[in-house]
Amino acid sequence: MIGEADEALARKAALGDKQAFEVLVRRHKAPLYGFARRYVGNADDAYDIAQESFVAAWRALGRFDPKRSFAAWLNAIALNKCRDLARRARTRRLFLRALAETPADSVAPEPRDEASGLAERLDRAIETLPALYKEPLLLTTVGGLSQKDAGAMLGVSTKSVEKRLYRARRRLLELLSQPEG
């Protein structure tokens, strides 16, 4: 079972084989968590998204098309969970701003740990990217999808994914080359 292809395991899992699904979870939990972590920028939220994605995948296995890549399908679920979290966060911020007596901009930022390193700077830079660039970047670099699969998932051409990746990487380079502070 461990050497079986994802799609075969997904078919077995759809028929109720919990061991097949456990193999899929073990295979995909680290890349899925990494994708969510880079997208949302928070370890706890990423962990929740990964769990919710696997639960949603288990429930939706009957609708999985074995002609598609299981990894791409699972990443699509995670991407939707990330987008849901972002929408909820925006709504929460708007609500809190409406209740606050002082503007949100006047709140002092949390102190930064100077030893955070390049990985933390990269995470922060990725967070600033618009979804148009962030999604293809994370789907291909963290999620491991091909540009073609990412394009199919996002409903755009492979060429569009290529252009968006170029622009995302160029913007990240700009952000990371700026001095901190």
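Residues numbered from 1 in each chain as written. Predicted model: local features only at pLDDT ≥ 70, side-chain atom pairs only at ≥ 80, totals over all residues. Heavy atoms only, no water.

Colleague: How should the overall build of the chain be read in this particular structure?
Modeller: Secondary structure summary: the chain contains eight helices and zero strands in total. Among the 181 residues that make up the chain, the fraction classed as buried is 35%. Considering only intrachain contacts with a sequence separation of at least 6, the fraction spanning at least 24 residues in the chain is 62%. Counting every atom, the chain has about 11200 Å² of accessible surface; 53% of that belongs to carbon and sulfur. (Helix = DSSP H or I, 4+ residues; strand = E, 2+ residues; numbered from the N terminus. Buried < 20%, exposed > 50% of the residue type's maximum accessible area, 1.4 Å probe, protein only. Contact = heavy atoms within 4.5 Å. Areas by Shrake-Rupley, 256 points an atom, 1.4 Å probe, with all protein chains shown as cover.)

Colleague: What's the story with the environment of Leu 175 in this structure? I'm lost.
Modeller: With respect to the secondary-structure elements, Leu 175 resides in helix α8 (residues 158-177). Those residues in contact with Leu 175 that sit more than four places away from it in its chain are Arg 121, Ala 125 and Thr 128.

Colleague: Whenever I open this one, the side chain of Asp 6 confuses me. Can you help?
Modeller: Inspection of the secondary structure assignment puts Asp 6 in helix α1 (residues 6-14). Its relative accessible area of 14% is what places Asp 6 among the buried residues. Among the polar contacts made by the side chain of Asp 6, one reaches the side chain of Arg 27 at a distance of 2.6 Å. Looking at Asp 6, its side chain comes within polar contact range of the side chain of His 28, at 2.7 Å. If near-sequence neighbours (up to four positions away) are discounted, Asp 6 is found in contact with Leu 24, Arg 27, His 28 and Phe 70. (Polar contact = N/O pair within 3.5 Å; in protein donor to acceptor, adjacent residues only side chain to side chain.)

Colleague: Would you mind showing me how to read the pattern of salt bridges here?
Modeller: When the charged atoms of two side chains lie near each other, side chains of opposite charge can form a pair. Applying the stated criterion across every chain, the model contains seven salt bridges. Between Glu 4 and Lys 12 there is a salt bridge, and its shortest N-O distance comes to 2.7 Å. The class for Glu 4 is partly exposed, based on a relative accessible area of 22%. Here Lys 12 falls in the partly exposed class, since its relative accessible area comes to 32%. When the shortest N-O distance is used, the salt bridge between Glu 135 and Arg 83 registers 2.5 Å. Here Glu 135, found in helix α6 (residues 131-142), pairs with Arg 83, found in helix α4 (residues 70-99); they are 52 residues apart in sequence, far enough to count as distant. You can call Glu 135 buried: its relative accessible area is 8%. (Salt bridge = Lys/Arg side-chain N within 4 Å of Asp/Glu carboxyl O.)

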